[in-house]
Amino acid sequence: MKKKIIAVPLILFSFFISLVCSSQTKSRIKTIIVDAGHGGADQGARGSYSTEAEITLQLALKVGALLEKELPATKIIQTRTTDITQPVREKAAFANENNGDLFICIHVNAAAGIRHSKVTGYRTRTYYTGKGKNRKKHTKKQPVYKRWTTPNPRYGTGTYVWAADRDVHKADAVSERFESEGELTGIPDPSTPEGAIASRLWVQKYFKNSVRLASMIENEFEKSGRKSDGVLQRNEKGIWVLQATNMPAVLVETGFITNKEEEDYLNSEKGQNETANAIVKAIVNFKNVLDNLRSAADISNAEANKDKQSLSSTSSKSASDQNR
């Protein structure tokens, strides 16, 4: 009797372990690429005492460390860990070559200063019209302006996904993934019309997941008390690291370096920790959502296959009974 009592917990424990291992191996997010925007010769936006490249690197390292702690079974790769020059095309290629399943690009926003002008007086301008004997002298009063610029008070976060009109670039990137990995069975040749359609379908899937993650990130920022501009698209100018990566991708604008208060916040230990935690919480929740959806789909497929087998077995039995 005692042996049976001991055996039951052992069986349950083994079952639990097998479920955990199964969920990890079946996770859609196995590799996350964390990109610190700009760097090296390209310092990006500048504040009163710091640069975008400096802040993004500090934030990216914190995000990467937290993700390694929260998701030990997931591979976390940084595009850069020092202040090096790294063109955006290289960043996208790096993410693709490392078979990323998710691309998180960290940036700091900037807003142009507000221009002001004021009339401080007038000056007389002399000009002439006509030629020869008809030449006449004229004078005209013109205002004299004093011009100056004040810092733009704009503040808050915003997370970008690639613009909808850039789908062709994303489809090209997805096609390259089909070709290089052969990860999806039954996918036509990307150079064919059928392959192009298949790529576009995956682009739509990636877009949906990118928007989902972007929304989660902005929700976490709002929870921490930040002003959020929400999920954004930059239609007038594409963001290469978003449209050329063959995976769901977001670009997080963590605040405005041109706003002195936000510059101080993003350079502070408190601000960086809160920002990094918000991003990581959203990524972990996003991964859990996808994994749960996959688990539910697997269970549904398993039940469907079981029903098919049962139906097949019943049909075979009925046929056997009729032959008797």
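Because the structure is a prediction, the values reported are computed rather than measured. (Residues numbered from 1 in each chain as written. Predicted model: local features only at pLDDT ≥ 70, side-chain atom pairs only at ≥ 80, totals over all residues. Heavy atoms only, no water.)

**Q** Even after reading the chapter, I still don't get the confidence of the model for the protein chain, so can you show me in this structure?
**A** Summing up the model confidence of the protein chain, the mean pLDDT is 80 and the portion of residues at 70 or higher is 69%. When the criterion is pLDDT under 50, residues 1-8 qualifies, and its contacts beyond four places in sequence or with other chains add up to zero contacts. (pLDDT = per-residue confidence, 0-100. Contact = heavy atoms within 4.5 Å.)

**Q** Can you help me understand the packing of aromatic side chains in this one?
**A** Two descriptors summarise a pair of aromatic rings, namely the distance from one centre to the other and the angle between the planes of the rings. Taken as a whole, this structure holds one aromatic pair when the rule is applied. Look at Trp162 and Phe207: their rings are 5.6 Å apart centre to centre, the planes differ by 70°, and that puts the pair in the edge-to-face class. Of this pair, Trp162 sits in the loop between β6 (157-161) and α4 (167-181) while Phe207 is found in helix α5 (residues 193-223), placing the two residues 45 residues apart along the sequence. Of the residues examined, Trp162 reaches a relative accessible area of 1% and is grouped as buried. Under the relative-accessibility criterion, Phe207 is labelled partly exposed at 25%. (Phe/Tyr/Trp six-rings, centres within 6.5 Å; stacked < 30°, edge-to-face > 60°. Helix = DSSP H or I, 4+ residues; strand = E, 2+ residues; numbered from the N terminus. Buried < 20%, exposed > 50% of the residue type's maximum accessible area, 1.4 Å probe, protein only.)

**Q** Is there a simple way to explain the environment of Asp229 in this structure?
**A** Among the structural elements, Asp229 can be located in strand β7 (residues 228-233). Given a relative accessible area of 27%, Asp229 falls into the partly exposed group. Here the alpha-carbon distance between Asp229 and Tyr155, two residues 74 residues apart in the chain, equals 9.2 Å. Other than its neighbours up to four places away in sequence, Asp229 contacts Arg154, Tyr155, Thr157, Gly158 and Glu218.

**Q** Would you mind showing me how to read the nonpolar core here?
**A** In a soluble, globular protein the nonpolar side chains are often hidden away together inside. Grouped together as the largest cluster of nonpolar side chains are 37 residues, with contacts concentrated most on Ile32, Leu67, Ile104, Leu213 and Ile279. With nine residues, helix α8 (residues 269-323) is the largest single contributor of residues to this core. With residues up to four places along the chain from it excluded, the contact list for Ile104 reads Ile32, Ile33, Val34, Asp35, Leu213, Val250, Ile279 and Ile283. Formed by 14 residues, the second largest nonpolar core is a distinct cluster that contains Ile33, Ile77, Trp162 and Met247. (Core = buried A, V, L, I, M, F, W, Y, C linked by side-chain atoms within 4.5 Å.)

**Q** Explain the pairing of strand β8 (residues 249-256) here, please?
**A** One face of the sheet, then the other: side chains in a regular strand alternate in exactly this way. For β8, the buried fraction is high: eight of the eight residues fall into the buried class. Of the pairings in the sheet, the one linking strand β3 (residues 102-109) to β8 comprises six bridges and is parallel in character. Within the sheet, the bridge partner assigned to Ile104 lies in β8 and is Val250. Bridging between β6 and β8 involves three bridges; their strand directions are antiparallel. Opposite Gly158, over in β8, you have Glu253 as the bridge partner. (Pairing = 2+ DSSP bridges.)

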